[in-house]
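Here are the chains, one letter per residue:
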Amino acid sequence: ANPAVNFNIGNFGVSTTSTPPFSFGNSLASAGAFGGFGTTTTTAAPAFSFSAPTNTGTGGLFGATQNKGFGFGTSFGTGTGTGLGTGLGTGLGFGGFGTQQQQQSTLGGGLFSQPAQAPAQSNQLINTASALSAPTLLGDERDAILAKWNQLQAFWGTGKGYFNNNIAPVEFTQENPFCRFKAVGYSLMPNNKDEDGLVVLVFNRKETDIRSQQQQLVESLHKILGGNQTLTVNVEGVKTMPDDQTEVIIYVVERSPNGTSRRVPATTLYTHFEQANIKSSLQQLGVSLCMARTELSPAQVKQLLQNPPAGVDPIIWEQAKVDNPDPDKLIPVPMVGFKELLRRLKVQDQMTKQHQTRLDIISEDISELQKNQTTTMAKIAQYKRKLMALSHRTLQVLIKQEIQRKSGYAIQADEEQLWVQLDTIQCELNAPTQFKGRLNELMSQIRMQNHFGAVRAEERYYIDADLLREIKQHLKQQQEGLSHLISIIKDDLEDIKLIEHGLNESIPIRGGVFS
(Lines give C-alpha, C1' and ligand atoms only; values in the text may rest on other atoms or scores of the structure.)
Protein backbone atom coordinates (compact mmCIF):
# COMPACT_ATOMS: atom_id res chain seq x y z
CA ALA A 1 0.00 0.00 0.00
CA ASN A 2 1.14 3.54 -0.67
CA PRO A 3 2.15 5.43 2.48
CA ALA A 4 -0.48 7.87 3.68
CA VAL A 5 0.26 11.43 4.72
CA ASN A 6 0.25 11.89 8.49
CA PHE A 7 -0.31 15.50 9.63
CA ASN A 8 1.20 16.39 12.97
CA ILE A 9 -0.59 19.16 14.87
CA GLY A 10 2.25 19.71 17.34
CA ASN A 11 4.94 20.83 14.93
CA PHE A 12 2.83 21.47 11.83
CA GLY A 13 5.01 19.02 9.94
CA VAL A 14 4.20 16.53 7.23
CA SER A 15 5.68 13.07 7.44
CA THR A 16 5.12 9.64 6.00
CA THR A 17 4.48 6.53 7.99
CA SER A 18 4.41 2.88 7.05
CA THR A 19 1.14 2.37 8.89
CA PRO A 20 -1.35 4.91 7.50
CA PRO A 21 -3.61 6.51 10.13
CA PHE A 22 -6.45 6.51 7.61
CA SER A 23 -6.84 3.48 5.33
CA PHE A 24 -8.15 4.46 1.94
CA GLY A 25 -7.79 1.06 0.34
CA ASN A 26 -4.86 -0.75 -1.21
CA SER A 27 -4.04 1.72 -3.97
CA LEU A 28 -4.54 5.44 -4.12
CA ALA A 29 -4.18 5.49 -7.87
CA SER A 30 -6.89 2.94 -8.60
CA ALA A 31 -9.93 4.62 -10.03
CA GLY A 32 -12.64 2.19 -9.06
CA ALA A 33 -11.50 0.71 -5.75
CA PHE A 34 -12.57 2.08 -2.39
CA GLY A 35 -11.22 0.30 0.66
CA GLY A 36 -13.42 1.79 3.39
CA PHE A 37 -12.65 3.50 6.66
CA GLY A 38 -12.44 0.49 8.96
CA THR A 39 -15.34 -0.67 11.06
CA THR A 40 -16.23 2.45 13.03
CA THR A 41 -19.50 4.01 12.00
CA THR A 42 -19.91 7.72 11.45
CA THR A 43 -23.18 9.54 11.19
CA ALA A 44 -24.82 10.45 7.94
CA ALA A 45 -25.39 13.96 9.23
CA PRO A 46 -22.64 16.59 8.86
CA ALA A 47 -20.01 16.48 11.58
CA PHE A 48 -20.73 18.52 14.74
CA SER A 49 -24.31 19.26 13.83
CA PHE A 50 -27.40 19.01 15.99
CA SER A 51 -29.76 20.25 13.34
CA ALA A 52 -30.67 16.82 11.99
CA PRO A 53 -31.57 13.52 13.69
CA THR A 54 -29.14 10.63 13.75
CA ASN A 55 -29.72 8.08 11.01
CA THR A 56 -27.76 4.87 10.92
CA GLY A 57 -27.76 1.94 8.59
CA THR A 58 -27.56 -1.68 9.49
CA GLY A 59 -24.53 -2.56 7.41
CA GLY A 60 -23.71 0.23 5.01
CA LEU A 61 -20.40 1.55 3.87
CA PHE A 62 -18.99 2.37 7.30
CA GLY A 63 -19.81 -0.81 9.25
CA ALA A 64 -22.47 -1.36 11.86
CA THR A 65 -21.47 0.65 14.94
CA GLN A 66 -23.67 3.66 15.61
CA ASN A 67 -22.02 7.03 16.24
CA LYS A 68 -24.13 10.07 16.96
CA GLY A 69 -23.33 13.69 16.29
CA PHE A 70 -22.16 16.08 18.93
CA GLY A 71 -21.03 19.67 18.85
CA PHE A 72 -22.05 23.24 19.44
CA GLY A 73 -25.54 24.25 18.53
CA THR A 74 -28.90 24.99 19.97
CA SER A 75 -30.65 21.62 20.16
CA PHE A 76 -29.97 17.89 20.13
CA GLY A 77 -32.48 16.76 17.54
CA THR A 78 -35.70 18.47 16.72
CA GLY A 79 -37.53 18.40 20.03
CA THR A 80 -37.54 21.08 22.68
CA GLY A 81 -34.58 20.62 24.98
CA THR A 82 -33.66 21.53 28.48
CA GLY A 83 -30.26 22.90 27.55
CA LEU A 84 -26.90 22.44 29.10
CA GLY A 85 -26.53 26.10 29.95
CA THR A 86 -23.08 27.59 29.82
CA GLY A 87 -19.67 26.04 29.89
CA LEU A 88 -17.06 27.49 32.28
CA GLY A 89 -19.63 30.09 33.26
CA THR A 90 -19.14 31.84 29.95
CA GLY A 91 -22.10 31.04 27.80
CA LEU A 92 -20.62 28.05 25.99
CA GLY A 93 -23.97 26.63 25.14
CA PHE A 94 -25.28 23.25 24.40
CA GLY A 95 -28.85 23.38 23.46
CA GLY A 96 -31.70 21.31 24.63
CA PHE A 97 -31.69 17.60 24.38
CA GLY A 98 -34.59 16.73 22.16
CA THR A 99 -37.47 15.10 23.90
CA GLN A 100 -37.95 12.98 20.82
CA GLN A 101 -34.98 11.49 19.01
CA GLN A 102 -35.76 10.03 15.63
CA GLN A 103 -34.34 6.56 15.17
CA GLN A 104 -34.53 5.19 11.68
CA SER A 105 -32.99 2.04 10.36
CA THR A 106 -33.08 0.16 7.14
CA LEU A 107 -33.56 -3.46 6.30
CA GLY A 108 -30.98 -3.69 3.55
CA GLY A 109 -27.28 -3.90 4.02
CA GLY A 110 -25.95 -2.24 0.88
CA LEU A 111 -24.60 1.20 0.28
CA PHE A 112 -27.81 2.59 -1.24
CA SER A 113 -30.11 1.18 1.43
CA GLN A 114 -30.12 4.45 3.44
CA PRO A 115 -33.40 6.26 4.24
CA ALA A 116 -34.95 8.26 1.52
CA GLN A 117 -34.27 11.58 3.29
CA ALA A 118 -30.48 11.16 3.30
CA PRO A 119 -29.41 10.56 -0.33
CA ALA A 120 -27.61 13.91 -0.49
CA GLN A 121 -25.58 13.06 2.60
CA SER A 122 -24.71 9.64 1.23
CA ASN A 123 -23.59 11.22 -2.05
CA GLN A 124 -21.48 13.67 -0.06
CA LEU A 125 -19.76 10.79 1.73
CA ILE A 126 -19.21 8.93 -1.55
CA ASN A 127 -17.76 12.03 -3.18
CA THR A 128 -15.49 12.64 -0.20
CA ALA A 129 -14.29 9.04 -0.29
CA SER A 130 -13.64 9.28 -4.02
CA ALA A 131 -11.70 12.53 -3.63
CA LEU A 132 -9.53 11.06 -0.87
CA SER A 133 -8.92 7.59 -2.30
CA ALA A 134 -9.52 7.34 -6.04
CA PRO A 135 -9.93 10.58 -8.00
CA THR A 136 -10.41 10.17 -11.76
CA LEU A 137 -9.81 13.74 -12.83
CA LEU A 138 -6.71 13.25 -15.01
CA GLY A 139 -6.76 9.52 -15.71
CA ASP A 140 -3.06 8.91 -15.09
CA GLU A 141 -0.55 8.63 -12.25
CA ARG A 142 -1.18 12.26 -11.34
CA ASP A 143 -4.47 11.19 -9.77
CA ALA A 144 -2.48 9.53 -6.97
CA ILE A 145 -0.73 12.84 -6.25
CA LEU A 146 -4.11 14.59 -6.36
CA ALA A 147 -5.48 12.06 -3.86
CA LYS A 148 -2.63 12.81 -1.46
CA TRP A 149 -3.21 16.53 -1.93
CA ASN A 150 -6.92 16.04 -1.15
CA GLN A 151 -5.94 14.07 1.96
CA LEU A 152 -3.71 16.91 3.11
CA GLN A 153 -6.52 19.41 2.51
CA ALA A 154 -8.90 17.20 4.48
CA PHE A 155 -6.39 17.05 7.34
CA TRP A 156 -6.11 20.83 7.29
CA GLY A 157 -9.89 21.25 6.99
CA THR A 158 -9.76 23.71 4.11
CA GLY A 159 -9.81 23.76 0.34
CA LYS A 160 -11.65 21.81 -2.36
CA GLY A 161 -11.17 18.23 -3.40
CA TYR A 162 -11.35 17.71 -7.18
CA PHE A 163 -11.93 14.10 -8.21
CA ASN A 164 -14.13 14.03 -11.34
CA ASN A 165 -14.62 16.28 -14.34
CA ASN A 166 -18.39 15.85 -14.29
CA ILE A 167 -18.97 16.29 -10.52
CA ALA A 168 -18.46 19.42 -8.45
CA PRO A 169 -15.47 19.32 -6.09
CA VAL A 170 -15.89 18.45 -2.43
CA GLU A 171 -15.63 21.36 0.01
CA PHE A 172 -13.35 20.47 2.92
CA THR A 173 -14.20 22.20 6.17
CA GLN A 174 -12.88 21.80 9.69
CA GLU A 175 -16.00 19.77 10.53
CA ASN A 176 -15.01 16.92 8.24
CA PRO A 177 -14.08 13.66 10.02
CA PHE A 178 -10.47 13.78 8.81
CA CYS A 179 -9.57 17.25 10.06
CA ARG A 180 -6.70 16.98 12.53
CA PHE A 181 -7.25 20.33 14.23
CA LYS A 182 -9.56 18.90 16.86
CA ALA A 183 -9.26 18.67 20.60
CA VAL A 184 -11.45 17.93 23.59
CA GLY A 185 -12.07 20.42 26.39
CA TYR A 186 -14.34 20.47 29.40
CA SER A 187 -17.35 22.61 30.19
CA LEU A 188 -19.18 23.13 33.44
CA MET A 189 -22.58 21.47 33.69
CA PRO A 190 -25.29 23.68 35.21
CA ASN A 191 -26.95 22.54 38.39
CA ASN A 192 -30.16 24.52 38.00
CA LYS A 193 -33.45 22.70 37.96
CA ASP A 194 -36.26 23.23 35.50
CA GLU A 195 -38.39 24.66 38.31
CA ASP A 196 -35.89 27.51 38.76
CA GLY A 197 -37.00 28.86 35.38
CA LEU A 198 -33.63 30.32 34.38
CA VAL A 199 -33.26 31.23 30.71
CA VAL A 200 -30.09 32.71 29.21
CA LEU A 201 -30.34 35.50 26.63
CA VAL A 202 -27.14 36.54 24.84
CA PHE A 203 -27.24 40.14 23.59
CA ASN A 204 -24.95 41.68 20.99
CA ARG A 205 -24.48 44.68 23.22
CA LYS A 206 -22.02 45.76 25.90
CA GLU A 207 -22.65 45.16 29.57
CA THR A 208 -22.72 48.89 30.35
CA ASP A 209 -25.50 49.43 27.81
CA ILE A 210 -27.49 46.52 29.22
CA ARG A 211 -27.17 47.71 32.80
CA SER A 212 -28.05 51.30 31.94
CA GLN A 213 -31.19 50.16 30.06
CA GLN A 214 -32.09 47.19 32.26
CA GLN A 215 -35.53 48.54 33.18
CA GLN A 216 -36.42 49.19 29.54
CA LEU A 217 -35.21 45.69 28.70
CA VAL A 218 -37.45 44.14 31.36
CA GLU A 219 -40.43 46.11 30.06
CA SER A 220 -39.72 45.01 26.49
CA LEU A 221 -39.53 41.36 27.53
CA HIS A 222 -42.79 41.76 29.41
CA LYS A 223 -44.43 43.11 26.27
CA ILE A 224 -43.05 40.17 24.28
CA LEU A 225 -44.68 37.84 26.80
CA GLY A 226 -48.04 39.47 26.02
CA GLY A 227 -48.09 42.16 28.68
CA ASN A 228 -49.92 39.86 31.08
CA GLN A 229 -50.23 41.51 34.49
CA THR A 230 -49.85 38.18 36.26
CA LEU A 231 -46.34 37.74 34.84
CA THR A 232 -43.26 39.49 36.16
CA VAL A 233 -39.87 39.41 34.44
CA ASN A 234 -36.88 39.36 36.78
CA VAL A 235 -33.16 39.57 36.00
CA GLU A 236 -31.07 36.99 37.82
CA GLY A 237 -27.68 38.22 36.63
CA VAL A 238 -25.75 40.11 33.95
CA LYS A 239 -22.32 38.97 32.81
CA THR A 240 -19.84 40.19 30.20
CA MET A 241 -18.87 37.90 27.33
CA PRO A 242 -16.19 38.24 24.63
CA ASP A 243 -16.75 40.20 21.41
CA ASP A 244 -18.85 42.87 23.16
CA GLN A 245 -21.62 40.44 24.05
CA THR A 246 -23.55 40.22 27.30
CA GLU A 247 -25.27 37.28 28.94
CA VAL A 248 -28.49 38.08 30.77
CA ILE A 249 -30.17 35.42 32.94
CA ILE A 250 -33.88 35.96 33.50
CA TYR A 251 -36.82 34.17 35.07
CA VAL A 252 -40.54 34.86 35.00
CA VAL A 253 -42.79 34.74 38.06
CA GLU A 254 -46.47 33.96 37.57
CA ARG A 255 -48.96 35.11 40.21
CA SER A 256 -52.21 33.19 40.60
CA PRO A 257 -55.54 34.80 41.61
CA ASN A 258 -55.40 33.20 45.06
CA GLY A 259 -52.20 35.13 45.86
CA THR A 260 -49.63 32.38 45.38
CA SER A 261 -46.78 32.70 42.90
CA ARG A 262 -44.46 30.34 41.09
CA ARG A 263 -41.67 30.50 38.57
CA VAL A 264 -42.44 29.54 35.01
CA PRO A 265 -40.41 26.40 34.15
CA ALA A 266 -37.33 27.02 32.03
CA THR A 267 -38.41 24.62 29.28
CA THR A 268 -41.81 26.31 28.99
CA LEU A 269 -40.27 29.78 28.77
CA TYR A 270 -37.62 28.58 26.31
CA THR A 271 -40.29 26.99 24.10
CA HIS A 272 -42.23 30.25 24.07
CA PHE A 273 -39.13 32.23 23.11
CA GLU A 274 -38.36 29.81 20.27
CA GLN A 275 -41.62 30.59 18.46
CA ALA A 276 -41.07 32.33 15.14
CA ASN A 277 -42.76 35.63 15.98
CA ILE A 278 -41.30 35.77 19.49
CA LYS A 279 -37.84 34.92 18.20
CA SER A 280 -37.98 37.75 15.65
CA SER A 281 -38.99 40.17 18.42
CA LEU A 282 -36.05 39.02 20.52
CA GLN A 283 -33.71 39.49 17.57
CA GLN A 284 -34.92 43.05 17.24
CA LEU A 285 -33.84 43.58 20.85
CA GLY A 286 -30.38 42.29 19.97
CA VAL A 287 -30.71 38.71 21.22
CA SER A 288 -28.42 36.35 19.32
CA LEU A 289 -28.88 33.20 21.39
CA CYS A 290 -31.47 31.83 23.78
CA MET A 291 -30.87 28.84 26.06
CA ALA A 292 -32.62 27.18 28.96
CA ARG A 293 -30.22 26.73 31.86
CA THR A 294 -31.19 23.40 33.39
CA GLU A 295 -29.21 20.45 34.62
CA LEU A 296 -28.81 17.31 32.59
CA SER A 297 -30.48 14.11 33.62
CA PRO A 298 -28.25 11.07 34.26
CA ALA A 299 -29.65 9.46 31.10
CA GLN A 300 -28.67 12.48 29.00
CA VAL A 301 -25.17 12.58 30.48
CA LYS A 302 -24.80 8.86 29.86
CA GLN A 303 -25.95 9.25 26.26
CA LEU A 304 -23.44 12.06 25.67
CA LEU A 305 -20.56 10.13 27.16
CA GLN A 306 -21.32 6.83 25.48
CA ASN A 307 -21.62 8.24 21.95
CA PRO A 308 -18.46 9.98 20.67
CA PRO A 309 -19.11 13.17 18.69
CA ALA A 310 -19.12 12.93 14.92
CA GLY A 311 -15.62 13.23 13.55
CA VAL A 312 -13.92 12.56 16.89
CA ASP A 313 -11.90 9.38 17.34
CA PRO A 314 -13.57 7.11 19.93
CA ILE A 315 -10.18 6.45 21.51
CA ILE A 316 -9.61 10.18 22.04
CA TRP A 317 -13.13 10.50 23.42
CA GLU A 318 -12.54 7.65 25.90
CA GLN A 319 -9.26 9.21 26.97
CA ALA A 320 -11.01 12.56 27.47
CA LYS A 321 -13.52 10.86 29.77
CA VAL A 322 -10.68 9.28 31.74
CA ASP A 323 -8.82 12.63 32.03
CA ASN A 324 -11.91 14.50 33.22
CA PRO A 325 -10.74 16.35 36.38
CA ASP A 326 -14.23 16.43 37.89
CA PRO A 327 -16.72 14.04 36.22
CA ASP A 328 -19.52 15.17 38.53
CA LYS A 329 -19.32 18.82 37.41
CA LEU A 330 -17.52 18.85 34.05
CA ILE A 331 -18.38 17.24 30.74
CA PRO A 332 -16.03 16.79 27.77
CA VAL A 333 -16.83 18.84 24.66
CA PRO A 334 -15.07 18.87 21.29
CA MET A 335 -13.15 21.88 20.04
CA VAL A 336 -12.92 22.07 16.26
CA GLY A 337 -10.59 24.48 14.55
CA PHE A 338 -8.64 27.50 15.65
CA LYS A 339 -11.71 29.72 15.85
CA GLU A 340 -13.18 27.58 18.59
CA LEU A 341 -9.83 27.51 20.37
CA LEU A 342 -9.62 31.30 20.09
CA ARG A 343 -13.15 31.63 21.43
CA ARG A 344 -12.30 29.44 24.41
CA LEU A 345 -9.17 31.51 25.00
CA LYS A 346 -11.20 34.74 24.95
CA VAL A 347 -13.68 33.20 27.35
CA GLN A 348 -10.86 32.17 29.66
CA ASP A 349 -9.33 35.66 29.52
CA GLN A 350 -12.73 37.15 30.27
CA MET A 351 -13.21 34.88 33.26
CA THR A 352 -9.68 35.66 34.46
CA LYS A 353 -10.46 39.38 34.31
CA GLN A 354 -13.70 38.83 36.20
CA HIS A 355 -11.89 36.81 38.85
CA GLN A 356 -9.21 39.50 39.12
CA THR A 357 -11.89 42.17 39.46
CA ARG A 358 -13.57 40.15 42.17
CA LEU A 359 -10.24 39.66 43.95
CA ASP A 360 -9.60 43.42 43.77
CA ILE A 361 -13.01 44.08 45.29
CA ILE A 362 -12.35 41.54 48.04
CA SER A 363 -8.92 43.09 48.68
CA GLU A 364 -10.49 46.55 48.99
CA ASP A 365 -13.12 45.17 51.36
CA ILE A 366 -10.41 43.53 53.47
CA SER A 367 -8.44 46.78 53.61
CA GLU A 368 -11.57 48.66 54.64
CA LEU A 369 -12.32 46.05 57.29
CA GLN A 370 -8.77 46.30 58.62
CA LYS A 371 -9.12 50.08 58.88
CA ASN A 372 -12.44 49.67 60.65
CA GLN A 373 -10.91 47.10 62.99
CA THR A 374 -8.04 49.46 63.85
CA THR A 375 -10.50 52.28 64.49
CA THR A 376 -12.70 50.00 66.56
CA MET A 377 -9.76 48.76 68.66
CA ALA A 378 -8.68 52.36 69.32
CA LYS A 379 -12.22 53.25 70.36
CA ILE A 380 -12.40 50.20 72.62
CA ALA A 381 -9.13 51.19 74.33
CA GLN A 382 -10.42 54.73 74.70
CA TYR A 383 -13.69 53.51 76.17
CA LYS A 384 -11.76 51.25 78.59
CA ARG A 385 -9.74 54.19 79.84
CA LYS A 386 -12.88 56.25 80.15
CA LEU A 387 -14.59 53.44 82.04
CA MET A 388 -11.66 53.18 84.42
CA ALA A 389 -11.70 56.92 85.06
CA LEU A 390 -15.46 56.89 85.65
CA SER A 391 -15.07 53.89 87.98
CA HIS A 392 -12.48 55.78 90.04
CA ARG A 393 -14.70 58.86 90.16
CA THR A 394 -17.65 56.74 91.18
CA LEU A 395 -15.56 55.09 93.90
CA GLN A 396 -14.46 58.51 95.19
CA VAL A 397 -18.04 59.69 95.28
CA LEU A 398 -19.09 56.56 97.17
CA ILE A 399 -16.22 57.03 99.63
CA LYS A 400 -17.19 60.64 100.33
CA GLN A 401 -20.81 59.71 100.64
CA GLU A 402 -19.99 56.89 103.04
CA ILE A 403 -17.75 59.20 105.11
CA GLN A 404 -20.55 61.74 105.40
CA ARG A 405 -23.03 59.03 106.31
CA LYS A 406 -20.77 57.57 109.01
CA SER A 407 -19.57 60.90 110.42
CA GLY A 408 -20.18 61.14 114.20
CA TYR A 409 -20.46 57.39 114.66
CA ALA A 410 -17.90 55.28 116.49
CA ILE A 411 -15.86 52.76 114.54
CA GLN A 412 -17.71 49.48 114.41
CA ALA A 413 -16.23 46.00 114.78
CA ASP A 414 -16.38 45.11 111.10
CA GLU A 415 -14.81 48.44 110.19
CA GLU A 416 -12.09 47.86 112.75
CA GLN A 417 -11.39 44.45 111.23
CA LEU A 418 -11.34 45.91 107.71
CA TRP A 419 -8.96 48.67 108.89
CA VAL A 420 -6.58 46.08 110.33
CA GLN A 421 -6.58 44.13 107.08
CA LEU A 422 -5.88 47.25 105.03
CA ASP A 423 -3.05 48.24 107.40
CA THR A 424 -1.51 44.78 107.00
CA ILE A 425 -1.68 45.00 103.22
CA GLN A 426 -0.11 48.46 103.30
CA CYS A 427 2.78 47.20 105.41
CA GLU A 428 3.37 44.29 103.05
CA LEU A 429 3.44 46.63 100.08
CA ASN A 430 5.86 49.03 101.78
CA ALA A 431 8.27 46.29 102.93
CA PRO A 432 11.63 46.60 101.11
CA THR A 433 11.80 42.93 100.22
CA GLN A 434 8.17 42.63 99.23
CA PHE A 435 6.14 43.85 96.30
CA LYS A 436 7.15 47.50 96.40
CA GLY A 437 10.85 46.69 96.38
CA ARG A 438 10.42 44.27 93.52
CA LEU A 439 8.36 46.79 91.58
CA ASN A 440 11.05 49.43 92.07
CA GLU A 441 13.70 46.97 90.89
CA LEU A 442 11.67 46.10 87.79
CA MET A 443 11.12 49.78 87.04
CA SER A 444 14.87 50.39 87.28
CA GLN A 445 15.61 47.53 84.91
CA ILE A 446 13.03 48.83 82.42
CA ARG A 447 14.57 52.31 82.51
CA MET A 448 18.03 50.88 81.93
CA GLN A 449 16.82 48.78 79.00
CA ASN A 450 15.09 51.77 77.47
CA HIS A 451 18.25 53.84 77.88
CA PHE A 452 20.50 51.22 76.29
CA GLY A 453 17.94 50.61 73.56
CA ALA A 454 17.87 54.31 72.74
CA VAL A 455 21.66 54.39 72.63
CA ARG A 456 21.87 51.33 70.40
CA ALA A 457 19.10 52.37 68.08
CA GLU A 458 21.16 55.01 66.35
CA GLU A 459 19.67 56.81 63.45
CA ARG A 460 20.81 55.63 60.06
CA TYR A 461 20.81 57.84 57.04
CA TYR A 462 20.51 56.61 53.52
CA ILE A 463 21.88 58.55 50.59
CA ASP A 464 20.37 58.46 47.15
CA ALA A 465 22.44 56.62 44.54
CA ASP A 466 22.75 59.66 42.25
CA LEU A 467 23.76 61.91 45.14
CA LEU A 468 26.27 59.32 46.32
CA ARG A 469 27.75 59.19 42.82
CA GLU A 470 28.10 62.99 42.80
CA ILE A 471 29.79 62.96 46.21
CA LYS A 472 32.25 60.32 45.01
CA GLN A 473 33.01 62.38 41.91
CA HIS A 474 33.58 65.51 44.02
CA LEU A 475 35.84 63.67 46.44
CA LYS A 476 37.76 62.20 43.52
CA GLN A 477 38.32 65.69 42.12
CA GLN A 478 39.47 66.90 45.54
CA GLN A 479 41.86 63.96 45.76
CA GLU A 480 43.29 64.76 42.34
CA GLY A 481 43.70 68.42 43.36
CA LEU A 482 45.50 67.43 46.53
CA SER A 483 47.77 65.08 44.57
CA HIS A 484 48.62 67.88 42.13
CA LEU A 485 49.27 70.28 45.01
CA ILE A 486 51.54 67.73 46.70
CA SER A 487 53.51 67.29 43.48
CA ILE A 488 53.97 71.09 43.18
CA ILE A 489 55.15 71.29 46.81
CA LYS A 490 57.64 68.51 46.18
CA ASP A 491 59.00 70.34 43.13
CA ASP A 492 59.30 73.55 45.14
CA LEU A 493 61.12 71.69 47.92
CA GLU A 494 63.60 70.32 45.41
CA ASP A 495 64.15 73.84 44.04
CA ILE A 496 64.71 75.18 47.57
CA LYS A 497 67.22 72.43 48.31
CA LEU A 498 69.04 73.27 45.10
CA ILE A 499 69.15 76.94 46.06
CA GLU A 500 70.45 76.10 49.54
CA HIS A 501 73.11 73.87 48.05
CA GLY A 502 74.20 76.65 45.70
CA LEU A 503 74.34 79.16 48.53
CA ASN A 504 76.44 76.83 50.67
CA GLU A 505 79.00 76.44 47.87
CA SER A 506 79.25 80.20 47.16
CA ILE A 507 80.03 81.26 50.75
CA PRO A 508 83.60 79.67 50.97
CA ILE A 509 84.52 81.16 47.60
CA ARG A 510 83.61 84.66 48.79
CA GLY A 511 85.61 84.13 52.01
CA GLY A 512 88.73 83.26 50.03
CA VAL A 513 88.46 86.32 47.89
CA PHE A 514 88.20 88.75 50.82
CA SER A 515 91.08 87.08 52.66
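Residues numbered from 1 in each chain as written. Predicted model: local features only at pLDDT ≥ 70, side-chain atom pairs only at ≥ 80, totals over all residues. Heavy atoms only, no water.

Per an unreviewed UniProt entry, the protein carries the name 54 kDa nucleoporin and comes from Alectura lathami. Of the comments in the UniProt record for the protein, the one headed Subunit (unreviewed entry) reads "Component of the p62 complex, a complex composed of NUP62, NUP54, and the isoform p58 and isoform p45 of NUP58. Interacts with NUTF2." You can read under Sequence similarities (unreviewed entry) in the UniProt record for the protein the words "Belongs to the NUP54 family." (UniProt positions renumbered as here; feature names shortened; annotations may be inferred.)

(A) Expanded view of the overall build of the protein. Secondary structure assignment for the protein yields 12 helices and 13 strands. For the protein, with 515 residues in total, the buried portion stands at 30%. Counting every atom, the protein has about 33600 Å² of accessible surface; 56% of that belongs to carbon and sulfur. (Helix = DSSP H or I, 4+ residues; strand = E, 2+ residues; numbered from the N terminus. Buried < 20%, exposed > 50% of the residue type's maximum accessible area, 1.4 Å probe, protein only. Areas by Shrake-Rupley, 256 points an atom, 1.4 Å probe, with all protein chains shown as cover.)

(B) Expanded view of the nonpolar core. Among the nonpolar cores identified, the biggest contains 25 residues, and Val199, Leu201, Leu221 and Phe273 are the most heavily contacted of them. At the level of secondary structure, the elements contributing two or more residues to this core comprise β8 (199–203), α4 (214–224), β9 (231–241), β10 (245–255), α5 (266–273), α6 (276–284) and β12 (287–292). Discounting chain neighbours no more than four positions away, the residues touching Val199 are Val248, Ile249, Ile250, Ala266, Leu269, Tyr270, Phe273, Cys290, Met291, Ala292 and Arg293. (Core = buried A, V, L, I, M, F, W, Y, C linked by side-chain atoms within 4.5 Å. Contact = heavy atoms within 4.5 Å.)

(C) Spatial organisation of unusual backbone geometry. You will see that Asp243, though not glycine, has its phi angle at about 60°, which is positive. Tracing the sequence through the fold places Asp243 in the loop between β9 and β10. Even without being glycine, Asp244 reaches a positive phi, approximately 55°. Checked against the element boundaries, Asp244 lands in the loop between β9 and β10.

(D) Quick look at the packing of aromatic side chains. Scanning all chains against the criterion turns up two aromatic pairs. Considering the side-chain rings of Trp156 and Phe181, the 5.1 Å spacing of their centres and the 50° angle between planes classify their relative orientation as tilted. Remark: Phe181 occurs in the loop between β6 (170–171) and β7 (182–188) and Trp156 occurs in helix α2 (residues 142–156); sequence separation between them is 25 residues. The class of Trp156 is partly exposed, set by a relative accessible area of 33%. By relative accessible area, which is 6% here, Phe181 ends up buried. With a centroid separation of 4.8 Å and 50° between ring planes, the pair formed by Phe181 and Phe338 is classed as tilted. Here Phe181, found in the loop between β6 and β7, pairs with Phe338, found in helix α9 (residues 337–406); they are 157 residues apart in sequence, far enough to count as distant. (Phe/Tyr/Trp six-rings, centres within 6.5 Å; stacked < 30°, edge-to-face > 60°.)

(E) Molecular detail of a negative patch on the surface. A contiguous patch of negative charge, built from Asp360, Glu364, Asp365 and Glu368, is present on the exposed surface. Following the sequence through the fold, Glu368 ends up in helix α9. (Patch = residues over 30% accessible without salt bridge, like charges linked within 9 Å, V, L, I, M, F, W, Y side chains within 5 Å. Salt bridge = Lys/Arg side-chain N within 4 Å of Asp/Glu carboxyl O. Lys, Arg positive; Asp, Glu negative; His and termini not counted. Charge placed at Lys NZ, Arg CZ, Asp CG, Glu CD.)

(F) Inspection of α5 at higher detail. Residues of α5 that are buried: Ala266, Thr267, Leu269, Tyr270 and Phe273. Down the axis of α5, the buried set is contained in an arc of 165°. They therefore lie on one face. Close packing links the buried residues of α5 with β8, β10, α6 and β12. (Arc of directions from axis to C-beta.)

(G) Representation of the pairing of β9 within the structure. Direction of pairing for β9 relative to β10: antiparallel, over a ladder of 10 bridges. By the bridge assignment, Val238 is partnered in β10 with Val248. Following β9, the chain reverses through three residues before pairing antiparallel with β10; Asp243 in that reversal takes a positive phi of roughly 60°. (Pairing = 2+ DSSP bridges.)

(H) Highlighting helix α7 (residues 298–306). Those residues of α7 that fall on the buried side of the exposure criterion are Gln300, Val301 and Leu304. End-on, the buried residues of α7 take up no more than an arc of 100°, which puts them together on one face. When the buried face of α7 is taken as reference, the exposed residues oriented beyond 90 degrees from it are Pro298, Ala299 and Lys302.

(I) Broad picture of the pattern of salt bridges. Across all of its chains, the model carries 12 salt bridges by this definition. In this structure, Asp140 and Arg142 form a salt bridge, with 2.9 Å as the shortest nitrogen-oxygen distance. In this structure Asp140 comes out as partly exposed when scored by relative accessible area, which is 26%. The partner of Glu247 in a salt bridge is Lys239, with the nearest N and O atoms 3.5 Å apart. Here Glu247 and Lys239 have matching classes, each one buried. Shared partners join several salt bridges into a network, and the residues in it are Lys239, Glu247 and Arg293.

(J) Representation of the side chain of Glu340. With respect to the element layout, Glu340 can be found in helix α9. The class of Glu340 is buried, set by a relative accessible area of 10%.

(K) Inspection of the environment of Glu219 at higher detail. When you line up the elements, Glu219 lands in helix α4. On the basis of relative accessibility, which here comes to 43%, the residue Glu219 falls in the partly exposed class. Each C-alpha atom, one on Glu219 and one on Thr232, is 9.4 Å from the other, the two residues being 13 residues apart in sequence.

(L) Representation of a nonpolar patch on the surface in the model. Residues Leu418, Leu422, Ile425, Leu429, Phe435, Leu439 and Leu442 make up a contiguous nonpolar surface patch of about 660 Å² in total accessible area. Where the nonpolar patch is concerned, the elements lending two or more residues are α10 (413–430) and α11 (435–456). Take the nonpolar patch: its biggest share by element is four residues, from α10. Tracing the chain through its elements places Leu439 in helix α11.

(M) Quick look at the confidence of the model for the protein. Per-residue confidence for the protein gives a mean pLDDT of 74; residues scoring 70 or more make up 73%. Predicted confidence for residues 1–117 stays below pLDDT 50, and this span has 277 contacts to residues more than four positions away or in other chains. (pLDDT = per-residue confidence, 0-100.)

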